[in-house]
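# Examining the three-dimensional arrangement
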Amino acid sequence: MYHIKRDKRALASVELICAGLLRLMARKPFEKITITDLQKESTVSRSTFYRNFDCLEDVLELLCDRGFQAIFDTYNTQPPETRGRLSVAVFRYWCKNSGILEPLVAIHRTDILFSSLRRCAAQLDSLQFLAADPVQYDYFVSMITSVMVGILVTWTEHGKAESEEKVLEIVKTAFAAAVSLGIII
């Protein structure tokens, strides 16, 4: 887990670390990147890295959290009549930011994506109607999160060959089939 202090120097170091990791991942697979590589790329000391993160995967977790926060902040600030579908907003974001998604799938750490989406879902104004029943809320968020992460993982495993529109069409057809088969009540 990451543990970032809110002072200017710590935040600046975290930005250097995140930018450094993104640059490194553009050049080589995540699983080949070491703390030493990141230290050199980001110009941040090893002790500074460990003051903010426990491991390299924690940087990916922070980047995922930031991604979902950006999606939900944008979604929440749009008037309801112009929002569109949240699933489309999530998928479009990760299409444009697949440099974070691909390493998570490659190292079999999609649990990071799942946990990040679950944590950030609490920010969604549109889910507040479920807030009165925490158990119902947890199951709902878990179901939606599983579906969204599964779609992103499958799309990535397919080499991102399908367009946004094609994936959305496939998902719509799959949900219709699941309903007709009684899989989804």
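Heads up: the structure comes first, above all this text.
Structure report, in brief. (Residues numbered from 1 in each chain as written. Predicted model: local features only at pLDDT ≥ 70, side-chain atom pairs only at ≥ 80, totals over all residues. Heavy atoms only, no water.)

## Topic: helix H6 (residues 98–106)
Heads up, the condition is: With a 1.4 Å probe rolled over the protein chains alone, any residue whose accessible area is under 20% of its type maximum counts as buried; one over 50% counts as exposed, and the rest are partly exposed. Each helix is a run of H or I in the DSSP string that is no shorter than four residues. Each strand is a run of E no shorter than two, and both are numbered from the N terminus. What makes two residues a contact is simply this: any of their non-hydrogen atoms within 4.5 Å.
Every buried residue of H6 is accounted for by Ser-98, Ile-100, Leu-101, Pro-103, Leu-104 and Val-105. Of the surrounding elements, those touching the buried residues of H6 are helix H1 (8–27), helix H4 (56–77), helix H5 (86–96), helix H7 (110–121) and helix H8 (134–157). Looking one or two residues past H6, His-108 carries a phi angle of roughly 60°, positive in sign.

## Section: unusual backbone geometry
With glycine set apart, most residues show a phi of negative sign, and most peptide bonds adopt trans. Positive phi outside glycine occurs at Thr-43, with the angle close to 60°. Its location among the elements puts Thr-43 in the loop between helix H2 (35–42) and helix H3 (46–52). The exposure class of Thr-43 is exposed, given its relative accessible area of 65%. At Lys-160, a position not held by glycine, the phi torsion is positive, near 55°. Along the chain, Lys-160 falls in the loop between H8 and helix H9 (164–180).

## Here's the deal with the packing of H6 against H7
Put simply, the rule is: Geometry is summarised by axes, namely lines fitted to C-alpha atoms with helices restricted to the contacting stretch, and by angles between N-to-C directions that run from 0 to 180 degrees. Should an angle fall under 35 degrees it is called roughly parallel, over 145 degrees roughly antiparallel, and 65 to 115 degrees roughly perpendicular, with every other angle called oblique. Throughout, the ten residues Ala, Val, Leu, Ile, Met, Phe, Trp, Tyr, Cys and Pro are labelled nonpolar, Asp, Glu, Lys and Arg are labelled charged, and all others, Gly among them, are labelled polar.
Here H6 crosses H7 at 125°, and the two axes come no closer than 7 Å. Here H7 runs oblique to H6, going by the angle between their axes. Contacts from Leu-101, Leu-104 and Val-105 in H6 reach Thr-110, Ile-112 and Leu-113 in H7. Class assignment for the residues of the contact of H6 with H7 results in five nonpolar, one polar and no charged.

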